[in-house]
Amino acid sequence: FFFFKQKTAYEMLRSLVGSEMCIRDSNAEYMGVEAIICSQERFKYQLEYLLPYEDFTILGLNEVCSEYLDKLRTNLFFQKNYYISAMERKDLNGSFGSIIVSKIPFRYYSFGRNVIALLQTEREGIVHQLLVVSLHLVAFEEKYRIRREELEDIMQLLNNLEQYEEHPAIQQRIREAKQAKNIVVIGDLNLHIKFETRFLYEMGLSDIWLELHEKDPGYSWDPLTNSMINTFLPFDNRRMRLDRICLKKGSKLLSPRSMEIFANRKVNEGKWMSYLYPSDHFGLKCEFRINNSKEIFEQKYAYTCLLYTSDAADDLLCVDLGGRRIIKKK
């Protein structure tokens, strides 16, 4: 009922954007942090200015709370232009969840707080299958082994994704996407330590920021710049690339063209609460070139991370909603 704008399932857009938002710290209100981080101000800025201005084609959001989901689904811009993976509060996993928002219709599979979307696009008779993965891995430096295991688990899920799909035609589409290595991974990977980047390459992924910005560190967690972080973590001086956009090595469809940080401007520049940023994380956006034998198309993907303080609603084991399958991994 709230897949808003009717479009052909095979429409190819010239500008394709994905954003992943992480909205974290569900205990913030209890800790007294909500008065500082001002969720309502930031949510309004994100949904009424930042995201409509960027006009992403594919948007991946992590740690989305129920309050944010309600605001997203009632926002007129998103109602008019986007499809969304989480349709109800109960579709969120626990107190928060990951969702994917896209201008192109898609089928999705949710495993815990990770989401995999299958998209099909067509241009001038050439059909492409694409898998987009929105990831949110466990935090803290000492849990790097767990993060590696989580990455291995999600790559194994990708390898066996057809098993979670009942329809033979869609199973074939999944196989085509994997065979062509048309897989984009975006999200809050929480890679706190530099050597963790090698985990991505060992699993057949390329870190696009490193491919395009050899000398720019590209910090998405930066207390020296993001003044909001020190309001609730006053002694944190770590500068890290927690957030990544990755492409499966050897993709036949996509070639990275450019990548940059966004959501790195203050919400109230020069006004009250001038320390406030859209999130504790900065966002990443990447523009891809779509390789097509007839024509070259430009595509964009993006990642950003938000901060939330509200609780989400019911947990979910398994539900099938009109072609959008949600599976909770036990």
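Residues numbered from 1 in each chain as written. Predicted model: local features only at pLDDT ≥ 70, side-chain atom pairs only at ≥ 80, totals over all residues. Heavy atoms only, no water.

Within strand S1 (residues 58-64), seven of the seven residues are buried, leaving the element largely enclosed by the surrounding structure. Where S1 lies against strand S3 (residues 97-102), five bridges are found, and the strand directions are antiparallel. Opposite Ile 58, over in S3, you have Ser 102 as the bridge partner. (Buried < 20%, exposed > 50% of the residue type's maximum accessible area, 1.4 Å probe, protein only. Helix = DSSP H or I, 4+ residues; strand = E, 2+ residues; numbered from the N terminus. Pairing = 2+ DSSP bridges.)

Next up on the list: the packing of aromatic side chains. Here the structure, examined in full by the defined rule, presents twelve aromatic pairs. Here Phe 111 and Tyr 164 contribute two aromatic rings whose centre-to-centre distance is 5.0 Å and whose plane-to-plane angle is 75 degrees, an arrangement assigned as edge-to-face. In this pair, Phe 111 is assigned in strand S4 (residues 106-111) and Tyr 164 in the loop between helix H5 (144-159) and helix H6 (168-179), connecting sequence segments 53 residues apart. When its relative accessible area of 3% is taken as the criterion, Phe 111 is described as buried. Overall, the relative accessible area of 27% leaves Tyr 164 in the partly exposed class. (Phe/Tyr/Trp six-rings, centres within 6.5 Å; stacked < 30°, edge-to-face > 60°.)

Here the focus is the pattern of salt bridges. Under the criterion given, the structure shown has 13 salt bridges. Two residues, Arg 238 and Glu 141, come together in a salt bridge whose shortest N-O distance is 2.9 Å. One end of the pair, Arg 238, is in the loop between helix H9 (229-232) and strand S9 (243-248); the other, Glu 141, is in the loop between strand S6 (126-136) and H5, with 97 residues separating them in the sequence. Among the residues examined, Arg 238 registers a relative accessible area of 28% and is labelled partly exposed. Glu 141 gets classed as partly exposed once you look at its relative accessible area, which sits at 27%. A salt bridge links Arg 147 to Glu 196; its shortest N-O distance comes to 2.7 Å. Taken together, the residues span a long stretch of sequence, with Arg 147 in helix H5 and Glu 196 in the loop between strand S7 (183-188) and helix H7 (197-202) at a distance of 49 residues. (Salt bridge = Lys/Arg side-chain N within 4 Å of Asp/Glu carboxyl O.)

A few words now on the nonpolar core. Counting residues in hydrophobic clusters, the biggest one holds 29 residues, and the most contacted among them are Leu 51, Leu 61, Tyr 68, Leu 72, Phe 78, Ile 99 and Val 101. For this core, the secondary-structure elements that each account for two or more residues are helix H2 (39-54), S1, helix H3 (66-74) and S3. Met 155, Ile 174, Ile 183 and Leu 200 belong to the second largest nonpolar core, which has 26 residues in total. (Core = buried A, V, L, I, M, F, W, Y, C linked by side-chain atoms within 4.5 Å.)

Right, let's get into unusual backbone geometry. Although it is not a glycine, Glu 63 sits at a positive phi angle of roughly 50 degrees. Residue Glu 63 is classed as buried on the basis of its relative accessible area of 5%. Look at Ala 263: it is not a glycine, yet its phi comes out positive at around 60 degrees. In this fold, Ala 263 is placed in the loop between strand S10 (254-262) and strand S11 (283-290). Classification of Ala 263 by relative accessible area gives buried; the value is 7%.

With that settled, the discussion passes to H2. At Gln 46, H2 shows its maximal bend, which comes to roughly 40 degrees. For H2, the full list of buried residues reads Ser 39, Arg 42, Phe 43, Tyr 45, Gln 46, Leu 47, Leu 50, Leu 51 and Glu 54. Looking at the buried side of H2, the elements it contacts are helix H1 (34-37), S1, H3, helix H4 (76-81), S10 and S11. (Bend = angle between axes of the 7 residues up to and from the residue. Contact = heavy atoms within 4.5 Å.)

On to the side chain of Asp 188. Within the fold, Asp 188 resides in strand S7. Of the polar contacts made by the side chain of Asp 188, one reaches the backbone nitrogen of Asn 190; its length is 3.3 Å. (Polar contact = N/O pair within 3.5 Å; in protein donor to acceptor, adjacent residues only side chain to side chain.)

Attention now moves to the side chain of Asp 243. Note that Asp 243 resides in strand S9. Lacking a salt bridge, the buried Asp 243 has Arg 244 as its closest oppositely charged neighbour, with an N-O distance of 7.7 Å. Within the structure, the side chain of Asp 243 is placed 2.9 Å from the side chain of His 281, a separation counted as a polar contact. (Lys, Arg positive; Asp, Glu negative; His and termini not counted.)

A few words now on the packing of H2 against H3. Between H2 and H3, the least distance of the axes is 11 Å, while the angle of their chain directions is 35 degrees. When the axes of H2 and H3 are compared, the crossing they make is right-handed. When H2 is examined against H3, the residues Gln 40, Phe 43, Gln 46, Leu 47 and Leu 51 are found in contact with a partner set consisting of Glu 67, Tyr 68, Lys 71 and Leu 72. A class-by-class count of the residues in the contact of H2 with H3 yields five nonpolar, two polar and two charged. (Axes fitted to C-alpha atoms, helices over the stretch in contact; angles between N-to-C directions. Left-handed = near helix turned anticlockwise from the far one by under 90°. Nonpolar A, V, L, I, M, F, W, Y, C, P; charged D, E, K, R; others polar.)

As for its position among the elements, Lys 266 is in the loop between S10 and S11. Of the residues examined, Lys 266 reaches a relative accessible area of 25% and is grouped as partly exposed. Between the alpha carbons of Lys 266 and Tyr 45 there is a distance of 9.9 Å; along the sequence they are 221 residues apart. In this structure, Lys 266 is in contact with Tyr 45, Ser 227, Ser 274, Leu 276 and Tyr 277, ignoring residues within four places of it in sequence. Among the polar contacts made by the side chain of Lys 266, one reaches the main-chain carbonyl oxygen of Ser 274 at a distance of 3.3 Å.

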